[in-house]
Amino acid sequence: MEQFHVRLTDNNEIRYNMPVEQLAGLTAFIRTVELGSQAAAAAALGLSRMAVGRQIQGLEHRLGVRLLQRTTRRQVLTEAGTAFFEQARAALQHLQEAAEQATAFRTSLRGSLRMSAPVSFSVRCLAPLLARFSALHPELQVELVLNDRRVDLIEEGFDLALRIGPLADSSLVSRRLTRFPVIPCAAPAYLARHGTPGEPADLLAHNCLRYAHAGRVQRWLLPDTDGQHQEVPVRGNLVSNNGDALLAAALAGQGIILQPSFIVEEALRDGRLMALFPGRAPRRIDLYALFPASRMMPTKLRRWLDFLADAYRDDAAAVAAAGGDPAIG
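1. Notes on the overall build of the chain
So, point 1. Counting secondary structure elements, the chain contains 10 helices and 15 strands.
So, point 2. Burial status across the chain gives 40% buried among its 329 residues.

2. Some points on the nonpolar core
Soluble, globular proteins show a tendency: their nonpolar side chains are buried together.
So, point 1. Grouped together as the largest cluster of nonpolar side chains are 55 residues, with contacts concentrated most on Phe 121, Leu 160, Leu 162, Leu 203, Ile 257, Leu 273 and Trp 304.
So, point 2. No other element matches helix 10 (residues 299-321), which puts eight residues into this core.
So, point 3. Leu 162 has contacts with Ser 116, Ala 117, Pro 118, Phe 121, Leu 126, Leu 177, Leu 287, Tyr 288, Ala 289 and Leu 308, leaving out every residue within four places of it along the chain.
So, point 4. Of all hydrophobic cores here, the second largest spans 17 residues; its members include Leu 23, Phe 29, Ala 42 and Val 52.

3. Section: the pattern of salt bridges
Oppositely charged side chains are able to pair whenever their charged atoms sit close together.
So, point 1. In this structure the tally under the stated criterion is 13 salt bridges.
So, point 2. Taking the shortest distance from any N to any O, the salt bridge between Arg 114 and Glu 143 comes out at 3.1 Å. Pair noted here: Arg 114 is in strand 5 (residues 111-117) and Glu 143 is in strand 6 (residues 140-146), with a separation of 29 residues, a long-range link.
So, point 3. On the basis of relative accessibility, which here comes to 23%, the residue Arg 114 falls in the partly exposed class.
So, point 4. Under the relative-accessibility criterion, Glu 143 is labelled partly exposed at 40%.
So, point 5. One continuous salt-bridge network, built from bridges that share partners, spans Arg 31, Glu 34, Glu 86 and Arg 89.

4. A look at helix 5 (residues 119-136)
So, point 1. For helix 5, built from 18 residues, the straight-helix expectation of 26 Å at 1.5 Å per residue is met to within 8% by its first-to-last C-alpha distance of 24 Å.
So, point 2. A bend of about 50° at Leu 126 is the largest found in helix 5, and the proline Pro 128 appears one to four places after it.
So, point 3. Those residues of helix 5 that fall on the buried side of the exposure criterion are Ser 120, Phe 121, Ser 122, Cys 125, Leu 126, Leu 129, Leu 130 and Phe 133.

5. Describing the environment of Asp 286
So, point 1. Structurally, Asp 286 is set in strand 15 (residues 284-291).
So, point 2. For Asp 286, a relative accessible area of 13% puts it in the buried group.
So, point 3. When the C-alpha positions of Asp 286 and Pro 166 are compared, they lie 7.3 Å apart, and in sequence the two are 120 residues distant.
So, point 4. Once residues within four sequence positions are removed from consideration, Asp 286 is found in contact with Arg 163, Ile 164, Gly 165, Arg 176, Thr 178 and Arg 179.
So, point 5. There is a polar contact of 2.7 Å between the side chain of Asp 286 and the side chain of Arg 179.

6. A closer look at the confidence of the model for the chain
So, point 1. Residue-level pLDDT values for the chain average 82, and 81% of them are 70 or greater.
So, point 2. The low-confidence segment residues 1-17, where pLDDT is below 50, has 43 contacts with residues more than four positions distant or belonging to other chains.
So, point 3. Counting interchain partners and residues more than four positions distant, the pLDDT-below-50 stretch residues 318-323 has four contacts.

7. A short note on the packing of aromatic side chains
So, point 1. A complete count under the given rule lists nine aromatic pairs for this structure.
So, point 2. Consider the rings of Phe 29 and Phe 85, whose centres lie 6.2 Å apart with planes at 80°: the pair is edge-to-face. Separated by 56 residues along the polypeptide, Phe 29 in helix 1 (residues 24-35) and Phe 85 in helix 4 (residues 79-102) bring together distant segments of the chain.
So, point 3. Linked through ring pairs, Phe 121, Phe 180, Phe 262 and Tyr 312 together constitute an aromatic cluster.

8. Topic: the environment of Gly 253
So, point 1. Mapped onto the secondary structure, Gly 253 falls in the loop between helix 8 (243-251) and strand 13 (256-260).
So, point 2. Among the residues examined, Gly 253 registers a relative accessible area of 6% and is labelled buried.
So, point 3. The sequence separation of Gly 253 and Tyr 190 amounts to 63 residues, and the corresponding C-alpha distance is 4.7 Å.
So, point 4. Apart from the residues lying within four places of it in its own chain, the contact partners of Gly 253 are Ala 187, Tyr 190 and Arg 193.

9. Focus on the side chain of Thr 32
So, point 1. Within the element layout of this structure, Thr 32 appears in helix 1.
So, point 2. Looking at Thr 32, the relative accessible area reads 2%, which means it is buried.
So, point 3. Setting aside chain neighbours within four positions, we find Thr 32 in contact with Ser 37, Gln 38, Ala 41, Val 52, Ile 56, Leu 68 and Gln 75.

10. With respect to unusual backbone geometry
So, point 1. With a phi angle near 55°, Phe 277 is a residue other than glycine that sits in the positive phi range.
So, point 2. Within the secondary structure, Phe 277 sits in the loop between strand 14 (274-275) and strand 15.

Reading guide: rules and limits
Residues numbered from 1 in each chain as written. Predicted model: local features only at pLDDT ≥ 70, side-chain atom pairs only at ≥ 80, totals over all residues. Heavy atoms only, no water. Helix = DSSP H or I, 4+ residues; strand = E, 2+ residues; numbered from the N terminus. Buried < 20%, exposed > 50% of the residue type's maximum accessible area, 1.4 Å probe, protein only. Core = buried A, V, L, I, M, F, W, Y, C linked by side-chain atoms within 4.5 Å. Contact = heavy atoms within 4.5 Å. Salt bridge = Lys/Arg side-chain N within 4 Å of Asp/Glu carboxyl O. Expected span 1.5 Å × (residues − 1). Bend = angle between axes of the 7 residues up to and from the residue. Polar contact = N/O pair within 3.5 Å; in protein donor to acceptor, adjacent residues only side chain to side chain. pLDDT = per-residue confidence, 0-100. Phe/Tyr/Trp six-rings, centres within 6.5 Å; stacked < 30°, edge-to-face > 60°.

As structure tokens, then:
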């Protein structure tokens, strides 16, 4: 019968003498460490806390080492447990991915997919696409968490995150899905009262409503006449972590905003907002999918990313054929 082996260090090997099909103890241990307690692991696995505890104790007995040091209030990984956890989790993930690859021929996906995405983008753009994808794969359970902050995928248990704008260096894998123009604009009523800026530098004299997660709260990147972009200092009486809140303020005539096309395009089309610096190509920002590195991407994740990429490719082609901007519509 095939056995499961995990190497702890270069000089020490723990042989996990257990049939591959009986990995309940390993799963219980990994989920307990990931979620912080046996109670949380039990809830996630649909077991009782006592059952999880017995499975972990059985695992320790088979390995011949203590993995968790328990007290009345908490449990802490031992030195052997720390070394075992990282490699055992990777090994179990590889087994799960191999099983998904083996069943990739199925038309309908199963299991769960947990992702994080920005609030305004999700409501305006992602939700309709997700509805189409779910109709194709009704047995896949999707959890969409809307948050403009940058979540920690590993610590918070996400399969992927969608992010807009520059990426920070990390060990995550990224895939660019599409690009959006970022458009400076304001309501006609605001411009009638305060004048229309002719150059980006004129914005210093205006009330600029700023996005808190942009990384340039005090400076905006705006188009120059030569097709380049310049950093312009801005100030104003409103900073928000949500683009729709800034849109509402701009529509009310409070000031000027710099937001992606998917937030402002409808208001620009019907005249409630006016784009500034016409004739200059707007700066564009990227939409990325981020996910943990793995030798084999889970089928559910690969199918979802391919679906998104195809959807944006089709939309861009349709708009371009109609003679419009493929990112503005």
